[in-house]
Amino acid sequence: MKKVSLISTAILLSASLALSGCSNSSKSEKAGGSTSKKNETVTLTIGGYSTIKDEFEAIFPLFQKEWKKETGQTVVFKESYQGSGSQALNITNGFEADIAALSLEGDIDKIVKAGLITHDWKSAPHNGIITDSIAAFGVREGNPKNIKDWSDLTKSGVQVVFPNPKTSGGARWDVNAIYGAGLKISEEQSGKQDPAQAKALLSKIYKNVKSLDKSGEESMSTFDKGTGDVIITYENELLDRIKSGSKYEEVIPKYTTSIENPAAVVDKYVDKHGTRKVAEAFLNFLWTPEAQKVFAESGFRSVDADVAKAYADKFKQPEGLFDTSYLGGWTKVGEDLYGDGGIWDQVVAGK
């Protein structure tokens, strides 16, 4: 990919902002006016889903350095990280994020429907997707419960951890993976998809859920503390923790879903703040090899073909990988699986 000319900024000093769940990299002035003036400080507000936090905080200094060199400006990042669904709701309810970096397309579309994103965000590189991953299992060292596939998560005595799909985008990927695997298994057995069989698999696994947290990050923290025999999560979360010394093992089931995480400039807020130029530059920077290597080092599957090739040996390929189109696309999934009274609500209610 041709490298986009962009970038720069300031020192990242974390300060927790209580009500919004934000951290501010410094007590700087509010950004406003043109970002073309040199020797000024501009604040860029990030509304992200919880899993992306560490990677973004590694990317910020790279962007800051480039932007400072190119424009003379100092960029200060104000950050908020929550479950993707909760973060989308925050932004639509008035949290003025310049950039929305969320877990799934449907959450970006909520911001579009609220009239805050007015451009075609999918016209960006890679259709607006900044990272790829897959849904995988994390098990304890030595895999003491001998967990290999979805059916093992239905067995008596196996405790499962994943987040709540009503608040977490990551959880929706997890549930998509379970339900889609059920469809794949039924198709393998009978030659056609059986939604009843897919729902039954989801129900059986749900009965073994020990913890249903608000976000993917909270679920990983729960698992870190010793709760559960298996966690269903982003592969990158597992690989990053294993790399850091956590005593886990990754298990990839036969059938699982690919995960695509989008980001977009929030038009209404960047125009209000006068930050469009720097916001678009930062978003473009996320697709550069420099940023994509940060994601790849943390266990994401890069959307950049050259970076993906360089890190190919790091990843196992699932035997039966499917994407959201196999389930009918996000509009259908949003209504059938997660809508009021939908499949997930029925499973929780024991229906």
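Residues numbered from 1 in each chain as written. Predicted model: local features only at pLDDT ≥ 70, side-chain atom pairs only at ≥ 80, totals over all residues. Heavy atoms only, no water.

Draft legend 1. Here's a closer look at the overall build of the protein chain. A tally of helices and strands in the protein chain yields 13 helices and 12 strands. Sequence separation of at least 24 residues holds for 76% of the intrachain contacts in the protein chain that already meet a minimum separation of 6. When the accessible area of the protein chain is evaluated, it comes to approximately 14900 Å², of which 49% is carbon and sulfur surface. (Helix = DSSP H or I, 4+ residues; strand = E, 2+ residues; numbered from the N terminus. Contact = heavy atoms within 4.5 Å. Areas by Shrake-Rupley, 256 points an atom, 1.4 Å probe, with all protein chains shown as cover.)

Draft legend 2. Local environment of helix α1 (residues 53-71). The end-to-end C-alpha separation of α1 is 26 Å, in line with the 27 Å expected for 19 residues at 1.5 Å each. By the largest-angle criterion, I59 marks the main kink of α1, which is about 25 degrees, and a proline, P61, follows within four residues. Residues E55, F56, I59, F60, F63, Q64, W67 and T71 constitute the buried set of α1. In the stretch just after α1, G72 is the one whose phi turns positive, near 85 degrees. (Expected span 1.5 Å × (residues − 1). Bend = angle between axes of the 7 residues up to and from the residue. Buried < 20%, exposed > 50% of the residue type's maximum accessible area, 1.4 Å probe, protein only.)

Draft legend 3. The arrangement of the packing of helix α6 (residues 216-224) against helix α7 (residues 235-243) in detail. Where α6 contacts α7, the two axes come as close as 11 Å, and the packing angle between them is 45 degrees. One element, α6, and the other, α7, form an angle in the oblique class. Our pair here, α6 against α7, has a crossing hand that is right-handed. Contact residues: G216, E217, M220 and D224 in α6; E237, L238 and R241 in α7. Within the contact of α6 with α7, the residues separate by chemical class into 2 nonpolar, 1 polar and 4 charged. (Axes fitted to C-alpha atoms, helices over the stretch in contact; angles between N-to-C directions. Parallel < 35°, antiparallel > 145°, perpendicular 65-115°, else oblique. Left-handed = near helix turned anticlockwise from the far one by under 90°. Nonpolar A, V, L, I, M, F, W, Y, C, P; charged D, E, K, R; others polar.)

Draft legend 4. Representation of the pairing of strand β4 (residues 74-82) in the model. Of all the 9 residues making up β4, 7 are buried; the element is thus mostly covered by neighbouring parts of the structure. Of the pairings in the sheet, the one linking strand β3 (residues 41-49) to β4 comprises 9 bridges and is parallel in character. Bridge pairing in β4 places T41 opposite T74. Once the chain exits β3 it traverses α1 before rejoining the sheet at β4, and the crossover so formed is right-handed. (Pairing = 2+ DSSP bridges. Right-handed = clockwise from strand over helix to strand, strands pointing away.)

Draft legend 5. The nonpolar core, seen in detail. Of all hydrophobic cores here, the largest spans 72 residues; its most connected members are F56, F63, W150, L153, V160, F162 and F282. Take this core: its biggest share by element is 7 residues, from helix α4 (residues 169-190). Sequence-distant contacts of V160, defined by excluding residues within four places in its chain, comprise L153, I205, N208, V209, K210, S211, V230 and I232. Ranked by size, the runner-up nonpolar core spans 14 residues in total, among them I91, F95, A97 and V266. (Core = buried A, V, L, I, M, F, W, Y, C linked by side-chain atoms within 4.5 Å.)

Draft legend 6. Summary view of the pairing of strand β9 (residues 230-234). Of all 5 residues in β9, 5 are buried; the element is thus mostly enclosed. In terms of strand pairing, strand β6 (residues 129-140) meets β9 through 5 bridges, oriented antiparallel. When the bridges of β9 are listed, A136 appears paired with T233. In the sheet, strand β7 (residues 160-161) pairs with β9 via 2 bridges, with the strands oriented parallel. Within the sheet, the bridge partner assigned to V161 lies in β9 and is I231.

Draft legend 7. Up close: unusual backbone geometry. Phi is positive for H126, close to 55 degrees, though the residue is something other than glycine. Of the residues examined, H126 reaches a relative accessible area of 33% and is grouped as partly exposed. Phi at N127 takes a positive value of approximately 60 degrees, unusual for a residue other than glycine. Mapped onto the elements, N127 comes out in the loop between α3 (105-113) and β6.

Draft legend 8. Structural view of the side chain of N143. Along the chain, N143 turns up in the loop between β6 and β7. Assessed through its relative accessible area of 15%, N143 is described here as buried.

Draft legend 9. Geometry of the environment of D149. Relative to the helices and strands, D149 resides in the loop between β6 and β7. Note: C-alpha distance between D149 and A136 (13 residues apart in sequence) is 9.9 Å. For D149, the residues in contact, after removing those within four places along its chain, are F137, P253 and K254.

By themselves these figures say nothing about function.
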